[in-house]
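For reference, the chains in residue letters:
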Amino acid sequence: RPDLDNVKYQKLLKYIRGKYEDPKNKRIDEKIYNRLFYLYICTIDATGIRPFNSEKNAIKHSDVQIKKDKAGETTSILIKRREKGKDYMAVADPQWESIWEDLMAIHKAWGIESDYLFAHPKSTRGCIKNEPIKSFDKQWTNAVKALGWNKKGDKQKDRISKYSIRHRYATRRLRSGKISLEELAQVLGSSPTILYKVYWHFFAEKEYSKITE
């Protein structure tokens, strides 16, 4: 999948913000779903988890482990995941705590009583309040179309998808130079072999002189 560079990522966030901040839009239910979509995109970017598309993989409160020290400072944020038959702990960026707090505020404001972080805030046709939002495919399709991405005829390998945001998380980690592919494989719930195939070029560029010495 192509990387979702920062320019495109910011365009995506701006588009979604426009959907839920538009003062002319009086449809509160539509606006809250776009707000949840925004937090969903930010969650993938901050954690590197695979975009979930079923109740089975939706994030739960009980999956989140936020640890603090005696002074109340956050020391780690881990999210228990099971994807593609593998259990692992996703490592969230520190700023994901503010996303978590926003989600908790939405639960309180809408009276959501659910273990799922992304739960339906109200019952509508085909949706039941408190049940998990299984995917944000509709919102994603509308956003990509509005932004003019993924032209008709583009090959799958050239199309920007929600997985491109997971890819963005991985490349950001690797460019920091502070994590090995083996460590990143554990963080992403993947295998070193797969990551070597996809991300080896980052190490080849960084260690070019050493490799060719």
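Definitions and cut-offs
Residues numbered from 1 in each chain as written. Predicted model: local features only at pLDDT ≥ 70, side-chain atom pairs only at ≥ 80, totals over all residues. Heavy atoms only, no water. Helix = DSSP H or I, 4+ residues; strand = E, 2+ residues; numbered from the N terminus. Buried < 20%, exposed > 50% of the residue type's maximum accessible area, 1.4 Å probe, protein only. Contact = heavy atoms within 4.5 Å. Areas by Shrake-Rupley, 256 points an atom, 1.4 Å probe, with all protein chains shown as cover. Lys, Arg positive; Asp, Glu negative; His and termini not counted. Charge placed at Lys NZ, Arg CZ, Asp CG, Glu CD. Polar contact = N/O pair within 3.5 Å; in protein donor to acceptor, adjacent residues only side chain to side chain. Pairing = 2+ DSSP bridges. Axes fitted to C-alpha atoms, helices over the stretch in contact; angles between N-to-C directions.

## Quick word on the overall build of the protein
Phase 1: Of regular secondary structure, the protein possesses 8 helices and 3 strands.
Phase 2: Tracing the protein from N to C terminus, the helices and strands come up as α-α-β-β-β-α-α-α-α-α-α.
Phase 3: Along the three orthogonal principal directions, the C-alpha set of the protein runs to about 65 × 50 × 30 Å.
Phase 4: Across the 213 residues that make up the protein, the buried fraction comes to 42%.
Phase 5: A sequence separation of at least 24 residues applies to 59% of the contacts in the protein between residues at least 6 apart.
Phase 6: By element, 51% of the accessible surface of the protein is carried by carbon and sulfur atoms, the whole surface being about 12,500 Å².
Phase 7: Treating the 44 positive side-chain charges of the protein as one cloud and the 28 negative ones as another, the clouds have centres 6 Å apart.

## Description of the environment of arginine 17
Phase 1: For arginine 17, the position within the fold is in helix H1 (residues 6–21).
Phase 2: In this structure, the C-alpha to C-alpha distance between arginine 17 and tyrosine 38, residues 21 residues apart in sequence, is 7.2 Å.
Phase 3: At 3.4 Å, the side chain of arginine 17 forms a polar contact with the side chain of tyrosine 38.

## Here's the deal with the sheet that holds strand S3 (residues 86–91)
Phase 1: Taken in spatial order, the 3 strands make up an open sheet running S1-S2-S3, and their pairing is antiparallel. The open sheet terminates on both sides in strands that have one partner only, identified here as strand S1 (64–68) and S3. Going across the sheet, the axis of each strand differs from the next one's by a mean of 20°, ignoring polarity.

In short, geometric facts, not functional conclusions.
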